[in-house]
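Take a look at the letters that make up each chain.
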Amino acid sequence: MSQDRILRALRELDRILGSYGIHHSLLRELMLWREQEPERFRQDVTSNVLWGGAGSISDISFRSMRPGDERAPEDQRLLDSALADLAEALDAEGMANDSVRATGALLRRSVERGR
């Protein structure tokens, strides 16, 4: 079910970012809003905070944050994969905009290439 895919991706993003000490309130709010405030969820899940350029969650680079950390490449793959999963699940429900679809596709290709 798409809803499960969306929540699963949001939980995975929250887990991965939390392991780096990044606790983003938007992710927790989106999980809550998904079930309790669907219109607000729909509005904010495509925001620049997630999908925008510099400073967005999709722009986080664990390799840059922790150069030399042998965990960083795998964690980056997991982060990129969770974002791509979220983009695909949103698209399946008709909620993704062009930016979300493009960013999700770029991240999916990156994961598939083993970036």
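Please refer to the structure placed before this passage.
Residues numbered from 1 in each chain as written. Predicted model: local features only at pLDDT ≥ 70, side-chain atom pairs only at ≥ 80, totals over all residues. Heavy atoms only, no water.

Enquirer: Quick question: what am I supposed to make of the overall build of the protein here?
Expert: Across its full length, the protein carries seven helices and zero strands. The order of α-helices and β-strands along the protein, N terminus first, is α-α-α-α-α-α-α. Compactness check: the protein gives a C-alpha radius of gyration of 13 Å against a globular reference of 13 Å for 115 residues, within 12% of the reference. Dimensions of the protein, computed from C-alpha atoms along their principal axes, come out at roughly 40 × 25 × 25 Å. Intrachain contacts of the protein at a sequence separation of at least 6 include 62% that bridge at least 24 residues. Carbon together with sulfur atoms contributes 46% to the accessible area of the protein, which is approximately 6200 Å² in total. The averaged location of the 20 negative side-chain charges in the protein is 3 Å from the averaged location of its 17 positive side-chain charges. (Helix = DSSP H or I, 4+ residues; strand = E, 2+ residues; numbered from the N terminus. Rg over C-alpha atoms; globule rule 2.2 N^0.38 Å. Contact = heavy atoms within 4.5 Å. Areas by Shrake-Rupley, 256 points an atom, 1.4 Å probe, with all protein chains shown as cover. Lys, Arg positive; Asp, Glu negative; His and termini not counted. Charge placed at Lys NZ, Arg CZ, Asp CG, Glu CD.)

Enquirer: Explanation requested: the pattern of salt bridges in the structure shown.
Expert: A side chain with one charge may pair with a side chain of the opposite charge, provided their charged atoms come close. Throughout the structure, instances matching the rule amount to eleven salt bridges. As a salt-bridge pair, glutamate 37 and arginine 40 come within 4.0 Å of each other at their nearest N and O atoms. With a closest N to O distance of 2.9 Å, arginine 71 and aspartate 75 form a salt bridge. Given a relative accessible area of 10%, aspartate 75 falls into the buried group. In this structure, a network of salt bridges that share partners links the residues Asp85, Glu88 and Arg108. (Salt bridge = Lys/Arg side-chain N within 4 Å of Asp/Glu carboxyl O. Buried < 20%, exposed > 50% of the residue type's maximum accessible area, 1.4 Å probe, protein only.)

Enquirer: Explanation requested: the nonpolar core in the structure shown.
Expert: Within soluble globular proteins, side chains that are nonpolar generally end up buried alongside one another. Residues Phe41, Leu50, Leu86 and Leu90 are the most contacted members of the largest nonpolar core, which totals 33 residues. Excluding anything up to four places from it in sequence, leucine 86 contacts Ile6, Ala9, Leu10, Leu13, Leu50 and Trp51. (Core = buried A, V, L, I, M, F, W, Y, C linked by side-chain atoms within 4.5 Å.)

Enquirer: Got a minute to help me understand helix 7 (residues 98-113) in this structure?
Expert: For an α-helix, the turn length of 3.6 residues means that residues three or four places apart are oriented alike. For helix 7, built from 16 residues, the straight-helix expectation of 22 Å at 1.5 Å per residue is met to within 8% by its first-to-last C-alpha distance of 23 Å. Residues of helix 7 that are buried include every one of Val100, Thr103, Gly104, Leu107, Arg108, Ser110 and Val111, and no others. All buried residues of helix 7 lie within an arc of 160 degrees about the axis, which places them on one face of the element. With respect to the buried face of helix 7, the exposed residues turned more than 90 degrees away are Asp98, Leu106, Glu112 and Arg113. Contacts from the buried residues of helix 7 go to helix 4 (48-51) and helix 6 (72-92). By the N-cap criterion, in which a side-chain oxygen at the helix start approaches the backbone nitrogen of a residue two or three places on, helix 7 is capped by asparagine 97, the distance to serine 99 being 3.1 Å. (Expected span 1.5 Å × (residues − 1). Arc of directions from axis to C-beta. Polar contact = N/O pair within 3.5 Å; in protein donor to acceptor, adjacent residues only side chain to side chain.)

Enquirer: What should I look at first to understand the environment of isoleucine 60 in this one?
Expert: With respect to the helices and strands, the residue isoleucine 60 is situated in the loop between helix 4 and helix 5 (62-65). On the basis of relative accessibility, which here comes to 17%, the residue isoleucine 60 falls in the buried class. Distance from isoleucine 60 to histidine 24, taken between C-alpha atoms, is 12 Å for residues 36 residues apart in sequence. Once residues lying within four places of it in the same chain are set aside, the contact partners of isoleucine 60 are Leu17, Ile22, Met65, Gln76 and Leu79.

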